[in-house]
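The residues making up each chain are set out below.
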Amino acid sequence: MAEAADFRGTSPSPARRWLRRTGALLAGAPLLAGLFQLPAAPAADAAGRTSAQQASGSRTVAVAIDSLSPSAPTEGDTLTVSGTVTNNGKQAVTDAHVDLRMGPEMNTRSSIDSAAKRTGYSPGADGTEIDDTYRQEFAKLTPGIAQRFSISVPVDELDLGESGVYQLGVALSGETSAQPWEQVLGIQRTFLPWQPEVADTATKTTVLWPLISTAHMTAETGSNEQQTPVFLDDDLAKEISPGGRLEQLVSLGKNLDVTWVVDPDLLASVDAMARGYRVRGDGDTTTGGTHQAVAKQWLAALQKAVVDKEVVALPYGDPDLASLAHNGTNVTGSLSRLKEATDVVANTVEPILHVKPSTDFAWPVDGAVDPSIVKVATSAGADKVIARSDSLEETGGLSYTPTAARPIGGGTTAVVADARLSTAFQGDLTKASATTLSVQRFLAQSLALNLQTNQQRSIVVAPQRMPTASQARAMAEAITALQSGGWSESQDLSAAAKAKPDPAATRKVPVASEYPSSLRKQELPRSAFEQIARTQAKLDGFRVILTDQSRVVTPFGRAINREMSTSWRGRATEAQHYRDGVEDYLDGLAAGVTLIDKSETKLSGRSATIPVTVQNNLVQDVDHLVLRLTSTSPTRLEIGGKAYAEQPVTVSGGHSQSVKFATSANANGRVTVKAQLFTEDGKPYGLPVYFDVKVTEITATVMLVIGGGVLLLVLAGFRMYTQRKRAAAREAEEDGPDPADDPAEGSQNPQGPADRLKEESGPRPEAGDPEQPSDPAPDTPAESADPSATGERVDR
């Protein structure tokens, strides 16, 4: 932002400037007197002492301000400053004391930045001690030992004038054996925002409160009906447990007037944990998750926190819009996956949070934009882009920071967050001193912004996407102080986007060459989007054969969304491993529907059936498959009367199915046959299976041998029949006529052997009739016409 935008419309009065200069002279008089009382010394020694006082000596002791309360005092308050002083030198410091020093009023936002960067003590810039009444003395500071201090002073004693931002210094003065005179050995500067009364015009301030995490769920789910999800690790449980990063964001945010910005994937992941989950271990092992109760508790707290609050939902998985714009748009299907990630938001957020989210906003990384990023950001339906003022910089020479919203063409509104306020809580804030400085600097910049003009403006604060727990606490402390101050009022993001744009604010999106190189280096490469497209193509080919597509399409679709996540920036190796894991798991599932390998098959005869077995190792049925069997030498072996034949395939989950093809042989020899599965739209599915068929034709010699054998069997049967017949005749002649055959004796006599033989053999032929032996019974059962079973020798 141009320096001109930092100047206020007012400046300190001449009377106040005179009082300050007079005070500085009076405060410096004792020091000058002391110097005159010192023994005479060469001019070089005096210069050395002055240099030590103002430069190196002021860094001997480290001063840390751990607490400043209240952060934004008003009339009648008592300001309490607490912290520690640590002697980093090699000599003990004696006759030491800590005091407060009021520096000049900060008239511009850039002057605040400059003061925050300064190190060491500068008498003219750091002011003089307020009053020796408000100091804490130390007889001795031992090297390496930290000692605590706490100083309280009524605000009325600070001699603050009109509303503004004042520099406040905490200084440690003392002496060492090497430099035996009183000097400032350490100082820490901070800022004191002073707004004694409610401002006539308050800045409308929107603060984004992000709930975003890294990818935690894999594409893998259990085979049970609930499809228990498998997580990469249990790190999400740590984030939502008491004291964790996400738990802190929820517990702190519930008491703040903020706009919640959520990634639907985070909500879906915690919701999945609450229903039961497993965690990946070494290799292919998984263990049961144990944090269902924590997940339920976190979701319940979040649901209460967002009641009557605005919730903005990002596309599922928080896709990296800049990476997609720079490296993915030339890869087929990339933009359609962004659209899909947006479409699933409504069915994810609302059922979990019970609020209807806004999906009109896109949020590129760090608010950095160029024309291609804006185009991609709005391609999925969003018409508002959250940018940042260090990307969409002001070039019109405005003397103030303009309202955040401004049109940038094509019906798109850029909501430009203030860079100074948005980056105030980055870095390591685990120490209380770092938190205090961040909070005071944030408040100072906010008040300085409000004092630039009497024109009311709408300002947006868009902090880092994934603040740590300590950063979240610092943010909450600053926002609480801001919302209780007299110069700002809260506003939702949607209202900020609808605010009347400043006509002089810049509306030109910077060109691609101005995109920060540091951010470009962290982008997902083109190869990542090519792998994503390959995985999507495999998923599309796999889903068509499934009878219950949702069991596969939903978990894999969400995993593909996560592959484009912004959270992979700076984690290229982890991103590659995640993409590989998703693709490998999909390949494994698809390979569960496969053809079983066949060994060589032998055909004896001109026609036979060949079975091919399809195995389904999935838990669900597969359908819409076609099995094609192709002869590589149709002149020798035909399948279904031509070179190839096809049959539809349906296989139940966990079962196999044999499909049989009729074949006909035209000549002897070995023929290679190819079996290949296809989807109904003609696309190959899986790998083909090749096997050899050995054809052996039945020759005339073989038929002659078989015919001779049959003739011998017939002759043997005829001989047996005639022998039995002759034996029966001889038996009848030896027995003679039977008396029972006499008609006089009646017809009740039992039959003789001859009569029995006659009944058994049927009526005897008359003399001269040719003998007609009965056909012998077949020696082998009738040949089965059913197709051959899998693995059997095909011999027809």
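Residues numbered from 1 in each chain as written. Predicted model: local features only at pLDDT ≥ 70, side-chain atom pairs only at ≥ 80, totals over all residues. Heavy atoms only, no water.

Engineer: I would appreciate a short explanation of the nonpolar core in the present structure.
Structural biologist: Side chains that are nonpolar tend, in soluble globular proteins, to be buried together. With 76 residues, the main nonpolar core has F542 and L627 as its most contacted residues. Take this core: its biggest share by element is six residues, from helix 18 (residues 526-543). Contact partners of L627, with chain neighbours within four places excluded, come to L595, V612, V614, A645, E646, Q647, V649, V659, F661, A675, Q676 and L677. (Core = buried A, V, L, I, M, F, W, Y, C linked by side-chain atoms within 4.5 Å. Buried < 20%, exposed > 50% of the residue type's maximum accessible area, 1.4 Å probe, protein only. Helix = DSSP H or I, 4+ residues; strand = E, 2+ residues; numbered from the N terminus. Contact = heavy atoms within 4.5 Å.)

Engineer: In this structure, what is going on with the sheet that holds strand 18 (residues 405-407)? I would like to understand it.
Structural biologist: Two orientations exist for strands paired in a sheet by backbone hydrogen bonds: parallel and antiparallel. On the basis of which strands lie adjacent, the open sheet formed by four strands has the order 16-17-19-18 and mixed pairing. Across the chains shown, the open sheet's two edge strands, defined by having one partner strand only, are strand 16 (361-362) and strand 18. When strand 16 meets strand 17 (residues 384-388), the two strands line up parallel, connected through two bridges. Among the inter-strand pairings, F361 is bridged to a residue of strand 17, identified as K384. (Pairing = 2+ DSSP bridges.)

Engineer: Whenever I open this one, the packing of helix 6 (residues 245-253) against helix 8 (residues 292-305) confuses me. Can you help?
Structural biologist: To describe two helices that pack against each other, one gives the angle between their axes and the distance between the axes. At a closest axis distance of 9 Å, the pairing of helix 6 and helix 8 adopts a crossing angle of 30°. Relative to helix 8, the element helix 6 lies roughly parallel. Our pair here, helix 6 against helix 8, has a crossing hand that is left-handed. Between helix 6 and helix 8, the residues in contact are L246, E247 and V250 and W298, A301, L302 and A305, respectively. (Axes fitted to C-alpha atoms, helices over the stretch in contact; angles between N-to-C directions. Parallel < 35°, antiparallel > 145°, perpendicular 65-115°, else oblique. Left-handed = near helix turned anticlockwise from the far one by under 90°.)

Engineer: Looking at this structure, how should I read a negative patch on the surface?
Structural biologist: Negative charge collects at one region of the surface, where E75, D156, E157, E197 and D200 lie side by side. Checked against the element boundaries, E75 lands in the loop between strand 1 (61-69) and strand 2 (78-87). (Patch = residues over 30% accessible without salt bridge, like charges linked within 9 Å, V, L, I, M, F, W, Y side chains within 5 Å. Areas by Shrake-Rupley, 256 points an atom, 1.4 Å probe, with all protein chains shown as cover. Salt bridge = Lys/Arg side-chain N within 4 Å of Asp/Glu carboxyl O. Lys, Arg positive; Asp, Glu negative; His and termini not counted. Charge placed at Lys NZ, Arg CZ, Asp CG, Glu CD.)

Engineer: Help me understand the packing of aromatic side chains in this model?
Structural biologist: Pairs of aromatic rings are described using the distance from one ring centre to the other and the angle between the two planes. Under the criterion given, the structure shown has four aromatic pairs. On the numbers, 5.2 Å between centres and 40° between planes, the contact of F425 with F442 is tilted. Of this pair, F425 sits in the loop between helix 13 (419-422) and helix 14 (432-450) while F442 sits in helix 14, placing them 17 residues apart in sequence. Taken individually, F425 and F442 each receive the classification buried, so the pair is uniform in this respect. (Phe/Tyr/Trp six-rings, centres within 6.5 Å; stacked < 30°, edge-to-face > 60°.)

Engineer: Just to check I follow, could you spell out the sheet that holds strand 14 (residues 286-288) for this structure?
Structural biologist: Spatial ordering of the open sheet is given by 10-11-13-14, a layout of four strands whose pairing is mixed. Taken across any chain shown, the strands that pair with only one partner, and hence form the sheet edges, are strand 10 (217-221) and strand 14. Going across the sheet, the axis of each strand differs from the next one's by a mean of 35°, ignoring polarity. Pairing between strand 11 (residues 229-231) and strand 13 (residues 278-280): two bridges, direction parallel. Paired with V230 across the two strands is R278, which belongs to strand 13.

Engineer: I tried to follow empty space enclosed by the protein on my own but got confused; where do I start?
Structural biologist: One simple way to see leftover space: roll a probe sized like a water molecule over the atoms. Tallied over the entire structure, the rule returns four cavities of 30 Å³ or more. Lining the largest cavity are 14 residues, and of these P315, T342, A377, A380 and A382 lie nearest its centre. Elements with a minimum of two residues in the lining of the largest cavity: helix 10 (334-343), strand 16 and helix 12 (371-379). Classifying every residue of the lining of the largest cavity gives 12 nonpolar, two polar and no charged. One number sums up the size of the second largest cavity: a volume of about 60 Å³. In terms of lining residues, the second largest cavity is bounded by 13 residues, among which S389, T401, P402, R406 and V416 are the most central. Secondary structure elements with two or more residues in the lining of the second largest cavity: strand 19 (413-417) and strand 20 (458-461). When the residues that make up the lining of the second largest cavity are grouped by side-chain class, the tally is seven nonpolar, three polar and three charged. (1 Å grid on protein atoms, 1.4 Å probe; cavity = no way out; pocket = protein on both sides within 12 Å on 5 of 7 lines; lining within 4 Å. Points joined across faces, edges and corners; volume = space filled by probe spheres on them. Nonpolar A, V, L, I, M, F, W, Y, C, P; charged D, E, K, R; others polar.)

Engineer: Help me understand the confidence of the model for the chain, please; the structure alone is not making it clear to me.
Structural biologist: As a general rule, the predicted coordinates of low-pLDDT regions are not to be interpreted in detail. Confidence in the prediction for the chain averages 86 pLDDT; 83% of positions are at 70 or higher. Note on residues 1-56: pLDDT is under 50 here. Beyond four places in sequence and across chains, it has 63 contacts. A low-confidence stretch, residues 739-796 (pLDDT under 50), is modelled with 51 contacts involving residues beyond four sequence positions or located in other chains. (pLDDT = per-residue confidence, 0-100.)

Engineer: Any chance you could explain the packing of helix 6 against helix 15 (residues 469-484) here in plain terms?
Structural biologist: Relative orientation of the contacting elements helix 6 and helix 15 amounts to 15°, with a least axis distance of 8 Å. Considered as vectors, helix 6 and helix 15 are oriented roughly parallel to each other. Handedness of the helix 6/helix 15 crossing: right-handed. Every residue of helix 15 that contacts helix 6 at R245, Q248, L249 and L252 is listed here: A469, A472, R473 and A476. By residue class, the composition of the contact of helix 6 with helix 15 is five nonpolar, one polar and two charged.

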